[in-house]
Amino acid sequence: MHMKSNLENTWYNVHNKNKISTPGLLISPEKIKDNIEAMIQISGTANRLWPHIKTYKMKPIIELQKDYGINRFKCATLSEVELLCKAKVGHILLAIQPTEKKLDVLLDLQKKYPKIQFSTLLDNDKSLKLFNRIATQKKQTLAIWIDLNIGMNRTGIIPDEKAFKLYKDLEKLTPLKFMGLHAYDGHIRSKSEIKRKKDSDNAFLSVLYLREKIENHNKKIIDIIAGGSLTFLPHSKRKNVFLSPGTTLLWDTISDKLWPESPFQIAAVVATRVISKPNKDILCLDLGHKAIAPEMPLPRAILIGLEEAEHIGQSEEHLVIKTKEALRYDVGDMIYALPKHICPTVVKYNQSQLIKNHKLIGYWDIQARDYNYMPTL
């Protein structure tokens, strides 16, 4: 393969290439372990970590984190909730405000798995009334984090007097239990570590204001879950804050570009093959929309050995590139693609192919892929 010498020391340079199915998701369990250790080093202790599983959706990766003492997890779908239940974790936060059907299923799962603590998010009065009604009907207690909007303008309530009133209204309802505050700042994406910290600190001032107001009211320390992957480091400097990175487990090229000083390593790549050479300077790869996250402009991945290629078209099954290196490749040659965005890439595969010592050693099922999955109770 072209530029093979540059691949020799990469974990994804598979020697038994004939055993690799393409397009295929390759995973390094060893690199994932390295990333878990880096997460703990930044946070100071595994007890502060509340990582999101949406990036990988695989039980073995949850179990790897449990081996390191991480036992609280965030998720976004009921499929992911059930996966965490089967992994017997300590606490599951459904980090998306549930509508009635999802809340109904969540509480049924809570009843089915009584040894696990469940919680979810709230940001408005209407949902508060819904949560109280359903929890009352099911004779269960529902644990609640108030979700705060600190600048992303995607979900959450602005941390002001209205948010304090929501807390006080929540406090009065017996079936509901206030857990603390949740603040996600995914809009903070500066390439400068210094500016990211400054932006994160400024956005967090309103959270501190609300926490102080609530603590003065109820005379108790209030827990906070804050940030994602790119603000993981700034939030790690705060006291009494749980940290919830997710992409840090597998990492990807856009995260690496935005946080180049990070200790995290690429632990997942997509293997693709040349499937046609329709012209002298054109290669067609089996890397279509169905194989890699398509929400970003082309190029959607770095092709190792073909970094300078022009990505001229992508359809459901095909990626067409134009390159002066086309003559060096034959139909069937394998190429490694480093996705820009790993989270919506993983969900496209039923299985990941495990690579160790440059060999395919097995498979991990990607169990929590079904976005609309309703667990069997």
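Right above here is the structure, for reference.
In this report, we go over the structure that sits alongside the text. The model shown is predicted, which means the values in this text are computed figures rather than measured ones.

Quick word on the overall build of the chain
A tally of helices and strands in the chain yields ten helices and 16 strands. For 377 residues, the compact-globule formula gives about 21 Å, and the C-alpha radius of gyration of the chain, at 22 Å, lands near that figure. For the chain, the spread of C-alpha atoms along the principal axes amounts to about 70 × 45 × 35 Å. A burial count over the chain gives 55% of its 377 residues as buried. For the chain, the proportion of contacts with a sequence separation of at least 24, taken over those separated by at least 6, is 70%. As displayed, the chain has an accessible area near 17,100 Å², and 50% of this comes from carbon and sulfur atoms.

A word on the sheet that holds strand 8 (residues 241–243)
Strands in a sheet are paired, the pairing made by backbone hydrogen bonds, and the direction either parallel or antiparallel. A sheet is described by the order of its strands in space; here seven strands give the open sequence 2-3-4-5-6-7-8, paired in parallel fashion. The sheet terminates laterally at strand 2 (72–75) and strand 8, the two strands that pair on one side only. For this sheet, the mean angle separating the axes of adjacent strands, direction not counted, is 30°. Of the pairings in the sheet, the one linking strand 7 (residues 223–226) to strand 8 comprises three bridges and is parallel in character. When the sheet's bridge partners are listed, Ile225 is paired in strand 8 with Phe242. Across the face of the sheet, helix 3 (residues 78–86) comes into contact with strand 2, strand 3 (91–94) and strand 4 (117–122) while running at roughly 160° to strand 2. The strands that helix 7 (residues 193–218) touches are strand 5 (142–148), strand 6 (176–183), strand 7 and strand 8; relative to strand 6, the one it contacts most, it runs at about 155°.

About the criteria used
Residues numbered from 1 in each chain as written. Predicted model: local features only at pLDDT ≥ 70, side-chain atom pairs only at ≥ 80, totals over all residues. Heavy atoms only, no water. Helix = DSSP H or I, 4+ residues; strand = E, 2+ residues; numbered from the N terminus. Rg over C-alpha atoms; globule rule 2.2 N^0.38 Å. Buried < 20%, exposed > 50% of the residue type's maximum accessible area, 1.4 Å probe, protein only. Contact = heavy atoms within 4.5 Å. Areas by Shrake-Rupley, 256 points an atom, 1.4 Å probe, with all protein chains shown as cover. Pairing = 2+ DSSP bridges. Axes fitted to C-alpha atoms, helices over the stretch in contact; angles between N-to-C directions.

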